[in-house]
Amino acid sequence: MSKPVRIGVQLQPQHAPGYGLIRDAVRRCEDIGVDIVFNWDHFYPLYGDPEGAHFECWTMLGAIAEQTERVELGALVTGGGYRNPDLLADMARTVDHISNGRLVLGVGAGWFEKDYDQYGYEFGTAGSRLALFKESMARITDRLAKLNPQPVRDIPILIGGGGEKKTLRLVAQYADIWHSFSDIDVLQRKIGILGEHCAEVGSDAAAIEKSVAWPGLDAADDYHAAGVTLFTVSSGGPDYDTARIQEAVTWRDRVNQG
């Protein structure tokens, strides 16, 4: 059975001068019918005024978990190196309980140098961040198995990134969802490489959900034909416009109904 198409929204926690704007956006997105509400794990805006308003990721996820009833939720994605990985596993377990089993644990190696510099983390190199990410994944999965109480469900792990030798290997080992930032031609090639890694580690490539940013109506069918079933629309503050979200949800319903 092929996976149904799902629509996520990434409510970027930037340029909202009050948290109430984000709370309202979450409500509107759940009412529209999205499947997952994501935020992101940065400390400063990525677009617009670099010193603009911004809120922290994981405290927000606890609030979203309490506010919502149906949608899954998570970070797209949690930055590598910002938190002790055992602590992150415990935070994820706690938010999973608050939401009654709706958390998706999105993780990545990290890349935004300003976050590291301003908050006192070592930025290092792409290689050192990937090495730390590899170590963190082992610690996260080990800690999740030890926690009491256990998570409500086996928390799905989403890994974002596209490095063919290291990141896709970690996707094959740990991920339930792979979020790619590639265009469709590169994506199709990397799906093949992911399959090779899965064969080597003994995991099922077909079971890993493929995820991309919403490419628009003109390209969505092509991405779906390539194997993508999770599409995420981004929306930023302070307005958190939902027009493109509604467009994506309408397309999802048409595709899923055949």
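Quantities reported herein were computed from a predicted structural model and do not represent experimental measurements. (Residues numbered from 1 in each chain as written. Predicted model: local features only at pLDDT ≥ 70, side-chain atom pairs only at ≥ 80, totals over all residues. Heavy atoms only, no water.)

1. Notes on the overall build of the protein
Our working definition: Numbered from the N terminus, helices here are DSSP runs of H or I no shorter than four residues, and strands are runs of E no shorter than two. Throughout, the radius of gyration refers to the C-alpha atoms, and the reference size of a globule is 2.2 Å times the residue count to the power 0.38. With a 1.4 Å probe rolled over the protein chains alone, any residue whose accessible area is under 20% of its type maximum counts as buried; one over 50% counts as exposed, and the rest are partly exposed. Whether two residues touch is decided by their heavy atoms; if any such pair falls within 4.5 Å, the residues are in contact. Here the Shrake-Rupley method, with its probe set to 1.4 Å, supplies the accessible areas, and only the displayed protein chains count as covering residues. Only four residue types enter the tally: Lys and Arg on the positive side, Asp and Glu on the negative side, with His and both chain ends excluded. In this description, the location of a charge corresponds to atom NZ of lysine, CZ of arginine, CG of aspartate or CD of glutamate.
Counting its secondary structure elements, the protein contains 9 helices and 8 strands. In terms of C-alpha radius of gyration, the protein reaches 17 Å, essentially the compact-globule figure of 18 Å for 258 residues. Along the three orthogonal principal directions, the C-alpha set of the protein runs to about 45 × 45 × 40 Å. Looking at the protein residue by residue over its 258 residues, the buried ones come to 51%. The long-range fraction of contacts in the protein, counting pairs at least 24 apart against all pairs at least 6 apart in sequence, stands at 72%. Of the roughly 11700 Å² of accessible surface on the protein, 50% is carried by carbon and sulfur atoms. Averaged over its 25 positive side-chain charges, the protein has a centre that lies 4 Å from the centre of its 36 negative ones.

2. Some thoughts on empty space enclosed by the protein
Inclusion rule: Using a grid of 1 Å spacing that covers the protein atoms alone, one calls a set of points a cavity when a 1.4 Å probe fits there but cannot get out, and a pocket when the set is open and has protein on both sides within 12 Å along at least five of seven lines; lining residues are those with an atom within 4 Å of a point. Grid points are joined across faces, edges and corners, and a volume is the space filled by probe spheres set on the points.
Within the structure shown, the criterion is met by 1 cavity of 30 Å³ or more. Its boundaries defined by the atoms lining it, the largest cavity holds a volume of some 100 Å³. In this structure, the largest cavity is lined by 13 residues; those nearest its centre are Gly79, Gly80, Gly81, Leu88 and Ser136. For the lining of the largest cavity, the secondary structure elements donating two or more residues are α3 (85-98) and α5 (126-146).

3. Digging into the environment of Ala207
Tracing the sequence through the fold places Ala207 in the loop between α7 (184-201) and β7 (209-213). Along the primary structure Ala207 and Asp176 are separated by 31 residues, whereas in three dimensions their C-alpha atoms are 7.1 Å apart. Beyond its immediate stretch of four places on either side in the chain, Ala207 contacts Lys3 and Asp176.

4. Overview of the sheet that holds strand β1 (residues 6-12)
For sheets, the rule is that strands pair by backbone hydrogen bonds, running either parallel or antiparallel. Counted only if it meets this: Note on pairing: two strands pair once DSSP finds at least 2 bridges between them. Note on geometry: axes are C-alpha line fits, over the in-contact stretch for helices, and angles between N-to-C directions span 0 to 180 degrees.
The 8 strands are arranged β1-β2-β3-β4-β5-β6-β7-β8 in a closed barrel whose pairing can be described as parallel. Direction aside, the axes of adjacent strands within the sheet are offset by 25° on average. Of the strand pairs in this sheet, β1 and strand β2 (residues 36-39) are connected by 3 bridges, and their pairing is parallel. When the sheet's bridge partners are listed, Gly8 is paired in β2 with Ile36. Contacts from α3 reach β3 (72-75) and β4 (103-107), with the element oriented near 155° to β4. Contacts from α5 reach β4 and β5 (157-160), with the element oriented near 175° to β5.

5. Considerations on the packing of α3 against α5
Threshold: The scheme is simple: roughly parallel for angles under 35 degrees, roughly antiparallel for over 145, roughly perpendicular for 65 to 115, oblique for anything else. Left-handed describes a crossing whose near helix is turned anticlockwise from the far helix by less than a right angle; the clockwise case is right-handed. Following the grouping adopted for this structure description, the nonpolar residues are Ala, Val, Leu, Ile, Met, Phe, Trp, Tyr, Cys and Pro, the charged ones are Asp, Glu, Lys and Arg, and the polar ones are all others, Gly among them.
The contact between α3 and α5 brings their axes to 8 Å, and the two run at 45°. By the angle class used here, α3 and α5 are oblique. Every pair of crossing elements has a handedness; the one defined by α3 and α5 is right-handed. On α5, the residues that touch Pro85, Asp86, Leu88 and Ala89 of α3 are Ser136, Arg139, Ile140, Arg143 and Leu144. Residues belonging to the contact of α3 with α5 are distributed by class as follows: 5 nonpolar, 1 polar and 3 charged.

6. What about the pairing of strand β8 (residues 228-236)?
Burial within β8 is extensive, with 7 of its 9 residues counted as buried. Here 7 bridges tie β1 to β8, and the two strands are oriented parallel to one another. If you follow Gly8 over to β8, its bridge partner there is Thr232. The pairing of β7 with β8 spans 4 bridges and is parallel. By the bridge assignment for β8, Lys210 is matched with Val228.

These figures come from the coordinates and say nothing about function on their own.
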